[in-house]
Amino acid sequence: MRPAAVAFYGAALGLLVVGLRELLTGFEENRCSMTYMFEYPEYRRVVLPRRVARLYPAYGLYLYGEGVYAQETRALKLSGAPVLFLPGNAGSYKQARSLGSVALRKAENLDGGVHLNVFTVDFNEELVALYGGSLLRQTHFLHESIKAILRLYKHLKTPPQSVALVGHSMGGVVARALFTLPRFNPHLVSLIITQASPHVAPVLALDPYLLDFYAAVRQKWVKQANRLRNVTVLSVGGGYRDYQVRSGLTSLPRPPGDVNKLSLVVTAVPRTWVSTDHLSIVWCKELVLATVRAFFDLVDADTRQFTDDPARKLTVLNHHFIRHPGRKLRDAQDSAVSISDVPEAWSEVNTLRLSYSTPKEGQLKYFLFALSSRRKAYSHFYCRSNNLETSSWVLGCQHANGSTCARAVDLSMGTELLPPYKVLVLSLSDLSSVTHLAVSASNLNGKQFTVECEWQREASQTLSVSVPHVLSFGVTASDVTVNSSGLLHNIQLLHFHQVYQAFRITVASQCRGTRDRLPSAYRMRVSWFREDSFTTASTPSAADIPAMLHTSRPDNASAVLLQLHTAPNCQYKVSVRTSFPKVLGQALRFCGPMVPVYTAVTLLLACGGQLSSVLTSGRPADMMQAAGRGLQPHKVNLPVYLLHILLSCSCFQDFLPPEDTIAPTLPEGAESAAEWPHLLSPLLYVLGAAVAYWGSALLRVLIRLVSLVLAPLHRPSVSRTCGTLRRRTQLLLGLGLTITGWMSCGALAILASSLLHLYRVVRLQMTERSLSHMLNLAPRRHKPAANGAVDGSGERGGAGLLSEGALQEVRDDLQLHLSLAPLLLLPVTLGAPSLIHWTRDLRFCARLDPDPCWLHAAPLVFCYLLLINGDTLTLSNSRLLPVVTCLPLPLAVTMATFSSLHLYRVAYFLSAALVPLAFCCVL
């Protein structure tokens, strides 16, 4: 290895490690509370019709229960509102226990017998995120399960007409796919809640069935959007802790004006405010409580079943998931307020700010603010309180009687819950019928709390700061100081609108005095997607806020807003710096699937370099040297960019497959999505080349270790033909593996043929070691020189097989096959998900149907078998070698162009390169 190449690829590997570390660990700790079962959970299997059980033997339907409820429902005589949980990729049906247990505890505290029946589907823990062949089968079984659930309620006078679905991960995608079935009645499902479900596109497109499934779902919900407007869908993303499904993918594609499709990140959910990983979003107590509360509020009091009113469903979901006003939903419409007219309880406030802490003794207290003298000078009234028990706490006085209010209306519906307190901001322009504002600070129960209010000018409360350039590497910072003593400040982060940008925002506060203050709350507000995040800090203190985006900004959206709920008489300094590790993490989060594509490009170009070396000099170069030369961005990235520009023209759109005309997975209405990934492509190419370089080095070490372990089991060989196969054996093995792949799994045949090739490489390594040892031990033959001296340059051992030339031939073959081995392992890696799915489903079906690897399994099997016998002499004498040598570069460019979002195509391009190479071994 050359030191320069080792240093370069070592640095590239370091960048990759930093990005992966930031992606996998660079987030807040898990602040979710665990949900616990109070009694032993039981799963009662629901008997399905024989036809359904015969068609789907691997699947099942269960009813969740605990304790007395499990005994009461043993006969499946049910009267609650049905909820069906759908597990996701490799998910267990037992994940429904958090939802089911909390729903049972909630029902115990309610009158009237209102409760939920939580069902769950067993999808056999299939890897549907990586293998899409089972998605349609799961969808059909879900349809049968819904019909079976509704049949259990036929004994009721008012049986339920629909089932509410809760889908985790790919379970949410399957829930929306129900509506693509030709015989599905859309009225059977009117509410879907999905958790960390990638609705926009699959995380990894490892087979075409995934893309076909997504295309069918998307086409159905877009083309028949008007017919599906009554179906309410809520999608919740996990935030930055979920590195498996980024929250941008959980956004629901919806037509303009469809308010029944809601998308948000769990960090923005009121009373949750935490980020969840891909699994904890199922059992996170804060989110489960919000979901269960919403379900019970959706139950109609008369029928004890879920309401069919879309407006009611939207109101409930907005209340629990979007903006919580700090009161129960049933109190939301109560505008009439009973107010005390005791003069001693009222105090008129003439100052610009009120800060009041209640005493330990209970008392009745109101503060009155006159509007007449403030309308011209101020635009808003801001008030906050950490008393979450009183719902009607800010009133609009329509008629004042001295220092008391005679008639008032409740203005508290605009209240919004923040982590430390509740906040209300009123626009004075909307209060034309109100003469005074009354703020309640009564604590009749003796509980202490604080109320802070002030008059505000919106213009003076808003500042702007331009964020640093993404390539500033944190050296420069953008600073802004908030000197005002107000309670609320808004800072616009200009030019912060792309997902590859990442910053570290530091908010440092300094206060005068030492009195107790309410904590400060910092809110990162994104106008185009509900991905708000909250940070709470004591004052004075310094808080770090990670600033990243889940989606890029649409053209007409406003800037990102940093909202500071501050303490009075304090100074706040806000510093914004680029975080280069987080930039790398964002690059991998959004463009990570392109790294293995560029790894394949590097290995293909390295193989092409070896073929060129064999063509020109008759010998291949060192394996690591060839791997280092596989990085050729000037030959790959520039043609790829030009091809994308050419293919973006409308005249070429009709000739592309449907999945290639779909934009990358960015939000609808976002700016041109295809530009910034191309700007990052050189970096991604370097990272992919580092994976190829060090992966090849690791494979070389492993082959040496395996050869040492297997050496005692083999007789030492000195022939370059060790490990090769006879023509008849090749033919029989090829036919046998092809038939095996057709009858079972194509990936199995590819794996078997790849192992045969690896055995050939191991035997060459053993032969190279044996020859080296023999030549070191063999005596030299000395030939007399012309001047009578002794010449020691003669051959060793006297045998032709033990010559330096024979050793060099074996080493050349070894270097050639070492360069081919990583390339041949790539189809095995890409086919691993379907192979794993086949092995786990083997007890139900011996054949994988459909099989994404079958199309290229047969040619790859014969290619691997033919390449086993390949050597440098055969290749150098082949008449096809000059043509084959020209193929890797155009294939690499085409692969990088059309496989960046479709990894399964990598195997097709590798087959196109390996088939001609295999013919070189026989022609």
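Residues numbered from 1 in each chain as written. Predicted model: local features only at pLDDT ≥ 70, side-chain atom pairs only at ≥ 80, totals over all residues. Heavy atoms only, no water.

Q: Explain the overall build of the chain to me, please; I cannot follow it from the model alone.
A: When you go through the chain residue by residue, the secondary structure sums to 26 helices and 29 strands. Projected onto the principal axes, the alpha-carbon positions of the chain cover approximately 130 × 70 × 55 Å. Split into buried and exposed, the 923 residues of the chain put 56% on the buried side. Counting contacts in the chain only where the partners sit at least 6 residues apart, residues at least 24 apart contribute 81% of the total. Split by element, the accessible area of the chain, about 39,500 Å² in all, is 57% carbon and sulfur. Positive and negative side-chain charges in the chain, numbering 86 and 61 respectively, have mean positions lying 5 Å apart. (Helix = DSSP H or I, 4+ residues; strand = E, 2+ residues; numbered from the N terminus. Buried < 20%, exposed > 50% of the residue type's maximum accessible area, 1.4 Å probe, protein only. Contact = heavy atoms within 4.5 Å. Areas by Shrake-Rupley, 256 points an atom, 1.4 Å probe, with all protein chains shown as cover. Lys, Arg positive; Asp, Glu negative; His and termini not counted. Charge placed at Lys NZ, Arg CZ, Asp CG, Glu CD.)

Q: Just to check I follow, could you spell out the environment of Leu-855 for this structure?
A: Position of Leu-855 relative to the elements: it lies in helix H22 (residues 854-868). We classify Leu-855 as exposed; its relative accessible area is 64%. Linking Leu-855 and Tyr-908, residues 53 residues apart in sequence, is a C-alpha distance of 8.9 Å.

Q: How should the packing of aromatic side chains be read in this particular structure?
A: Two aromatic rings are characterised by how far apart their centres lie and by the angle between their planes. If you walk through the whole model with that rule in mind, you get 25 aromatic pairs. Residues Tyr-62 and Tyr-93 carry aromatic rings whose centres are separated by 4.4 Å and whose planes lie at 10° to one another, so their mutual orientation is stacked. Placement of the pair is Tyr-62 in strand S2 (residues 60-66) and Tyr-93 in the loop between strand S3 (81-86) and helix H4 (97-108), with a sequence separation of 31 residues. Here Tyr-62 matches Tyr-93 in class, with each residue buried. The structure contains a cluster of three or more aromatic residues connected by ring pairs, namely Phe-8, Tyr-9, Tyr-693 and Trp-694. Positioned over the ring face of Trp-221 is Arg-176, at 4.9 Å from the centre of the ring. (Phe/Tyr/Trp six-rings, centres within 6.5 Å; stacked < 30°, edge-to-face > 60°. Lys NZ or Arg CZ within 6 Å of the ring centre and 35° of its normal.)

Q: Honestly, the sheet that holds strand S9 (residues 346-349) in this entry has me stumped. Any pointers?
A: Within a sheet, each strand pairs with its neighbour through backbone hydrogen bonds, oriented either parallel or antiparallel. The strand order S9-S11-S17-S13-S14 describes an open sheet built from five strands, whose pairing is mixed. Both outer strands of the open sheet, S9 and strand S14 (404-410), are each paired with one neighbouring strand and no more. Taking each pair of neighbouring strands and ignoring which way they run, the sheet shows an average axis angle of 35°. Strand direction decides the pairing type here: strand S11 (residues 366-370) and strand S17 (residues 436-440), joined by five bridges, are antiparallel. Looking across to S17, one finds that Phe-369 is bridged to Leu-437. (Pairing = 2+ DSSP bridges. Axes fitted to C-alpha atoms, helices over the stretch in contact; angles between N-to-C directions.)

Q: Would you take a moment to explain helix H26 (residues 905-920) for this structure?
A: In an α-helix there are 3.6 residues to a turn, and that puts residues three or four apart on one side. For H26, which comprises 16 residues, the first-to-last C-alpha distance of 24 Å matches the rise-based estimate of 22 Å (1.5 Å per residue) to within 8%. What H26 keeps buried is the set Arg-905, Val-906, Ala-907, Phe-909, Leu-910, Ser-911, Ala-913, Leu-914, Leu-917, Ala-918 and Cys-920. Packed against the buried residues of H26 are helix H13 (594-617), helix H20 (804-830), H22, helix H23 (872-876), helix H24 (881-885) and helix H25 (888-898). (Expected span 1.5 Å × (residues − 1).)

Q: Would you take a moment to explain the packing of helix H18 (residues 727-743) against H22 for this structure?
A: Pairs of packed helices are described in terms of their axes, by the angle between the two and the distance that separates them. At a minimum axis distance of 9 Å, the contact between H18 and H22 shows a crossing angle of 160°. By the angle between their axes, H18 is roughly antiparallel relative to H22. Crossing handedness for the pair H18 and H22: right-handed. Residue-level contacts link Arg-727, Gln-730, Leu-733, Gly-734, Leu-735, Leu-737, Thr-738, Gly-741 and Trp-742 of H18 to Trp-854, Ala-858, Val-861, Phe-862, Leu-865 and Leu-866 of H22. Of the residues contributing to the contact of H18 with H22, the split by class is 10 nonpolar, four polar and one charged. (Parallel < 35°, antiparallel > 145°, perpendicular 65-115°, else oblique. Left-handed = near helix turned anticlockwise from the far one by under 90°. Nonpolar A, V, L, I, M, F, W, Y, C, P; charged D, E, K, R; others polar.)

Q: Whenever I open this one, the state of the cysteines confuses me. Can you help?
A: Note: disulfide means a covalent bond formed between the sulfur atoms of two cysteine side chains. One pass over the structure, following the stated rule, counts four disulfides. What pairs with Cys-32 in a disulfide is Cys-284, and their sulfur atoms sit 2.2 Å apart. Disulfide Cys-32-Cys-284: the torsion about the S-S bond is -85°, which places it as left-handed. With a gap of 252 residues between them, Cys-32 in the loop between helix H1 (3-25) and strand S1 (41-45) and Cys-284 in the loop between helix H8 (280-283) and helix H9 (285-298) connect regions that are remote in the sequence. One exposure class covers both Cys-32 and Cys-284, and it is buried. Across a sulfur-sulfur distance of 2.2 Å, Cys-397 and Cys-405 are joined as a disulfide pair. The sign of the 115° torsion about the S-S bond sets the Cys-397-Cys-405 disulfide as right-handed. (Disulfide = S-S within 2.5 Å.)

Q: Sorry, what's going on with the confidence of the model for the chain here?
A: Detailed conclusions should not be drawn from predicted coordinates in areas where pLDDT is low. Taken over all residues, the pLDDT of the chain has a mean of 87, while the share at 70 or more is 93%. A low-confidence stretch, residues 661-674 (pLDDT under 50), is modelled with 27 contacts involving residues beyond four sequence positions or located in other chains. In this model residues 789-799 is a low-confidence stretch, pLDDT under 50, and it forms 27 contacts with partners more than four residues away in sequence or in other chains. (pLDDT = per-residue confidence, 0-100.)

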